[in-house]
Structure formats: C-alpha cells, structure tokens
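Structural description and commentary
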Amino acid sequence: AAMNRRSRLMSVTAAIVIGAVAAVVYSSKPSVVHPAPLVAATNDKLTTSRAELAGAMKIAEERLASNPADGRAAATYAQSALRRARVESNGGYTRRAEQLLKAVLDREPGDYDALKMLGAVYMSQHRFREAIDVATRAMRVHPADAWNDGVIGDAHLELGDYAAAFDAFDKMAHVRPDAAAYGRIAYAQELQGNLGAAIATMRMAAEATGAQDPESLAWHHAQIGNLLLQTGDVDGAAREFA
C-alpha cells in the first residue's frame, strides 16, 4: 500500500507514474506530496507540455536576470519547475526554484507570489513544517487564496494529521471548487475507504481540467486508473492509463 501511494503522489512533487498494484487497506501514514497538481494552466496560449514548461522557465530566468526582485517571474519559474520535476523526476528544478524565490523574498519579504510558491516548493522537498509556516504567512497576506489551504492540507496529511488536512481540503473546495480541490477531496475519500466516491470525485477533477493542461490531465487519469485497480476493474484502469 505504501509503495502504491508513493508512486501515485510524487516524490518531489514528483513522479507522476502509473503505479504498481493498489491495496484496499490503508493502515500506515501515506508518503505523498500534493495529492493533485495545485495549478492549472490558465492561459490558452500556454500549455503544460514538456517544451512549454522548459520555455516558461527560460523566460522567467531571463526576467529575473534583469530584475531579481520580480516575484511574478520567480513564481512562474517555480510553478513550471514543480511540474517539470514531476515530468522528468528531477528534483534539481525545485532546488533552483527555492533559490530564486528566496532571492526575491530577501529583497521583498512581503512578495505574495514568491511566498505562496515557496510553500509548494517546500512540500516538494518534504519540508512539511516549513511548508505550513510559509503557507500560513501567505494566507495572512491573501486569506481568500485557496492555494494556501491546499499546501497546508497536503503538509498536514504528510504529518499524519488527517483531521487538519481534511478540514483544509474542505475549505479549499468551498473557496475554489476546481480540479485541485476535487483531487484532494478524492484522496480524502480514498483514505477513508470510500472508493466509489473517490472515483466519482476524481472524475470531476479530470473534467475540470482544461485540454491546455496535459500534465494535470495525465495525472488525474492515472489516479482514476489506480482507484479502479483497487476495485478490481483492470479493464477500466487500463483505459484510464491509456
């Protein structure tokens, strides 16, 4: 069961893989980071394909070279780096993202774009307490941003505090009912043994993901496949993986 959860939920916010076998009983704390991608592509001219991610990172670094305090550029780099780390299973991208975000915050401690992304980067590095601290700081700056609830919930989940994690996911879904929130609710349902609800909610997450975001689409269909495997529906799982 632990191996299935590790393969499903990323090892650096990492490795979206079609997991091995799934188990029905969850008796130990899962080793997961980000039960779903936090960010969807919102610009139809950009996608989350490997080439677009690399291009976005390059442009962001060029902007930061001319203005090291550009929090939006650092956040763009970090967002793309987290996704690219999953695609390529390369944690080096997130280490570079941390450096750029901290460089911005050294100059502009209250920069919200940099602050919110640093919490997600800490999650990718399994620095869960630090992720909670940073996301809490970010929440004080922008209380209505559901992103921070996702980071806080993910971190509490990793630390074994399911009640706090589920509360954060519920709040996230209430504030912004999108694919990222649905993915987390689905995982909470799975952990509580309600596979039918988890499958239905994860399908909602897939349906809420735009075609311009192939990385998230692949992730959600892989998760549906993993859930179907747990029910014994091998054919259905194969279709989702395909």
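Reference entry: report on the structure contained in this document. (Residues numbered from 1 in each chain as written. Predicted model: local features only at pLDDT ≥ 70, side-chain atom pairs only at ≥ 80, totals over all residues. Heavy atoms only, no water.)

Description of the packing of helix α2 (residues 50–66) against helix α3 (residues 71–88)
The N-to-C vectors of α2 and α3 enclose an angle of 150°; their axes lie 8 Å apart at closest approach. Classified by the angle their axes make, α2 and α3 are roughly antiparallel. Between α2 and α3 lies a crossing of left-handed hand. Residues R50, L53, A54, A56, M57, A60, E61, R63 and L64 of α2 pack against R72, A73, A74, T76, Y77, S80, A81, R83, R84, V87 and E88 of α3. Here the contact of α2 with α3 is composed, by residue class, of 11 nonpolar, 2 polar and 7 charged. (Axes fitted to C-alpha atoms, helices over the stretch in contact; angles between N-to-C directions. Helix = DSSP H or I, 4+ residues; strand = E, 2+ residues; numbered from the N terminus. Parallel < 35°, antiparallel > 145°, perpendicular 65-115°, else oblique. Left-handed = near helix turned anticlockwise from the far one by under 90°. Contact = heavy atoms within 4.5 Å. Nonpolar A, V, L, I, M, F, W, Y, C, P; charged D, E, K, R; others polar.)

What about the packing of helix α10 (residues 195–207) against helix α11 (residues 214–231)?
Following both chains from N to C, one finds α10 and α11 inclined at 165°, their axes separated by 9 Å at the closest point. One element, α10, and the other, α11, form an angle in the roughly antiparallel class. For the pair α10 and α11, the sense of crossing is left-handed. In this structure, α10 uses L195, A198, I199, M202, R203, A205 and A206 to contact α11, whose residues at the interface are L217, W219, H220, H221, Q223, I224, L227, L228, Q230 and T231.

Description of the pattern of salt bridges
Overall, the coordinates contain 16 salt bridges when judged by the stated rule. Here E88 ties to R84 by a salt bridge, and the two come within 3.0 Å at their closest N and O atoms. On the criterion of helical spacing, the pair formed by E88 and R84 is a turn pair, its members being 4 residues apart in helix α3. R84 gets classed as buried once you look at its relative accessible area, which sits at 17%. (Salt bridge = Lys/Arg side-chain N within 4 Å of Asp/Glu carboxyl O. Buried < 20%, exposed > 50% of the residue type's maximum accessible area, 1.4 Å probe, protein only.)

Remarks on the environment of G153
Of note, G153 is situated in helix α7 (residues 146–158). Residue classification places G153 among the buried residues on the basis of a relative accessible area of 0%. Distance from G153 to M172, taken between C-alpha atoms, is 8.9 Å for residues 19 residues apart in sequence.

Function cannot be read off these values alone, since they describe shape.
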